[in-house]
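The residues making up each chain are set out below.
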Amino acid sequence: ARASRLADDELDRRLREEIVDVTLPGDDLPLGHLHPITQVRRMVEDAFLGLGYEVRDDREVETVEYNFDKLAFLPTHSARSPRDTFFFDPNHVLRTETSPSQIHIMEEKEPPLYMVSIGRVYRRDAITATRYPIFHQFEGLAIDRGLTMAEPADQLGP
């Protein structure tokens with residue numbers, strides 16, 4: 001009985017002394033983290049920006065001309081089928097790869113060119129453990145005199 005009385009007295013004391021004012025601002029909540037894809041994208045961008053490359057984030061709705069024709073896709077290529085690609089109309093698609101960025105930059109600028117294209121691409125894939133209709137792709141392009149595939153890493157970039 002004495003232990004119960006002491007516990008009740010302690011509870012009464014705490015209720016009197018430990019008053020919480022619910023009108024005061026609460027504790028700051030942690031904001032979380034960037035999405036892992038955003039983190040990786042920023043790492044890749046930083047690496048190539050450090051090498052002097054231009055980072056391209058071109059349009060996701062692309063013309064058939066840039067998405068297929070100028071990239072030399074044969075007229076019979078399966079990617080041209082509405083079963084594989086999201087078409088808006090006969091002339092516009094959700095890009096199936098980031099390669100149209102290469103065509104855009106080559107039409108805009110004269111060499112030397114150093115660019116990377118990073119972004120979402122879309123393909124009509126059934127959702128499985130290994131496939132999803134939206135994914136991220138990254139590719140680079142370097143056009144300059146004297147470049148070879150054996151270029152030392154410390155000499156890449158403009």
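Up top is the structure these notes are about.
Let me begin by describing the structure that accompanies this report. From a predicted model like this one, the values you see are computed outputs, not experimental measurements. (Residues numbered from 1 in each chain as written. Predicted model: local features only at pLDDT ≥ 70, side-chain atom pairs only at ≥ 80, totals over all residues. Heavy atoms only, no water.)

Structural notes on the overall build of the protein
Part 1 of the argument: In terms of helices and strands, the protein carries 4 helices and 6 strands.
Part 2 of the argument: In the protein, the succession of α and β elements from N to C terminus is α-α-β-β-α-β-β-α-β-β.
Part 3 of the argument: Relative to a compact globule of 158 residues, whose C-alpha radius of gyration would be 15 Å, the protein shows 28 Å and is clearly more extended.
Part 4 of the argument: The C-alpha extent of the protein, read off along each of the three principal axes, is 90 × 45 × 30 Å.
Part 5 of the argument: Residue burial in the protein is summarised as follows: out of 158 residues, 25% are buried.
Part 6 of the argument: Put simply, of all contacts in the protein between residues at least 6 apart along the chain, 65% involve residues at least 24 apart.
Part 7 of the argument: Split by element, the accessible area of the protein, about 11600 Å² in all, is 56% carbon and sulfur. (Helix = DSSP H or I, 4+ residues; strand = E, 2+ residues; numbered from the N terminus. Rg over C-alpha atoms; globule rule 2.2 N^0.38 Å. Buried < 20%, exposed > 50% of the residue type's maximum accessible area, 1.4 Å probe, protein only. Contact = heavy atoms within 4.5 Å. Areas by Shrake-Rupley, 256 points an atom, 1.4 Å probe, with all protein chains shown as cover.)

Examining the sheet that holds strand E6 (residues 134-143)
Part 1 of the argument: With respect to topology, 3 strands assemble into an open sheet ordered E1-E5-E6, the strand pairing being mixed. Two strands lie at the open edges of the sheet, namely strand E1 (54-56) and E6, each paired on one side alone. The average angle at which neighbouring strand axes cross in this sheet is 20 degrees, direction not considered.
Part 2 of the argument: Direction of pairing for strand E5 (residues 113-122) relative to E6: antiparallel, over a ladder of 10 bridges. (Pairing = 2+ DSSP bridges. Axes fitted to C-alpha atoms, helices over the stretch in contact; angles between N-to-C directions.)

Focus on the packing of aromatic side chains
One pair of aromatic rings is described through two measures. These are the centre distance and the angle between the planes.
Part 1 of the argument: Counting across every chain of the model gives 4 aromatic pairs.
Part 2 of the argument: Taken together through their ring pairs, the aromatic side chains of Phe 48, Tyr 53, Tyr 114 and Phe 138 make up a single cluster.
Part 3 of the argument: Here Arg 59 stacks its cationic end above the ring of Tyr 66, 6.0 Å away from the centre of that ring. (Phe/Tyr/Trp six-rings, centres within 6.5 Å; stacked < 30°, edge-to-face > 60°. Lys NZ or Arg CZ within 6 Å of the ring centre and 35° of its normal.)

Re the sheet that holds strand E4 (residues 92-94)
Part 1 of the argument: Spatially, the 3 strands line up as an open sheet ordered E2-E4-E3, and their pairing is antiparallel. At either margin of the open sheet sits one strand with a lone partner, and together these are strand E2 (61-63) and strand E3 (87-89). Recorded for the sheet is a direction-independent mean angle of 30 degrees between the axes of neighbouring strands.
Part 2 of the argument: As judged from the 2 bridges shared by E3 and E4, these two strands associate in the antiparallel manner. The partner of Phe 87 across the bridge, within E4, is Val 93.

What about unusual backbone geometry?
A negative phi angle characterises most non-glycine residues, just as the trans form characterises most peptide bonds.
Part 1 of the argument: Note the cis peptide between Pro 111 and Pro 112, where omega equals 10 degrees.
Part 2 of the argument: Along the chain, Pro 112 falls in the loop between helix H4 (100-108) and E5.
Part 3 of the argument: Not every positive phi belongs to a glycine, and Ala 72 is a case in point at roughly 65 degrees.
Part 4 of the argument: Counting through the fold element by element, Ala 72 comes out in the loop between helix H3 (64-67) and E3.

Overview of the pattern of salt bridges
Part 1 of the argument: Throughout the structure, instances matching the rule amount to 15 salt bridges.
Part 2 of the argument: Two residues, Arg 41 and Glu 45, come together in a salt bridge whose shortest N-O distance is 2.8 Å. Here Glu 45 and Arg 41 lie together in helix H2 (residues 36-50), a separation of 4 residues that amounts to about one turn.
Part 3 of the argument: The partner of Glu 107 in a salt bridge is Lys 70, with the nearest N and O atoms 2.5 Å apart. With Glu 107 in helix H4 and Lys 70 in the loop between H3 and E3, this residue pair connects regions lying 37 residues apart in the sequence.
Part 4 of the argument: The network of salt bridges with common partners includes Glu 54, Arg 56, Asp 58, Glu 108 and Lys 109. (Salt bridge = Lys/Arg side-chain N within 4 Å of Asp/Glu carboxyl O.)

A look at the side chain of Thr 98
Part 1 of the argument: Locating Thr 98 in the fold gives a position in the loop between E4 and H4.
Part 2 of the argument: Overall, Thr 98 belongs to the buried group, its relative accessible area being 1%.
Part 3 of the argument: With near-sequence residues (within four places) excluded, Thr 98 lies in contact with Ser 117, Ile 118, Gly 119, Val 121, Gln 137 and Glu 139.

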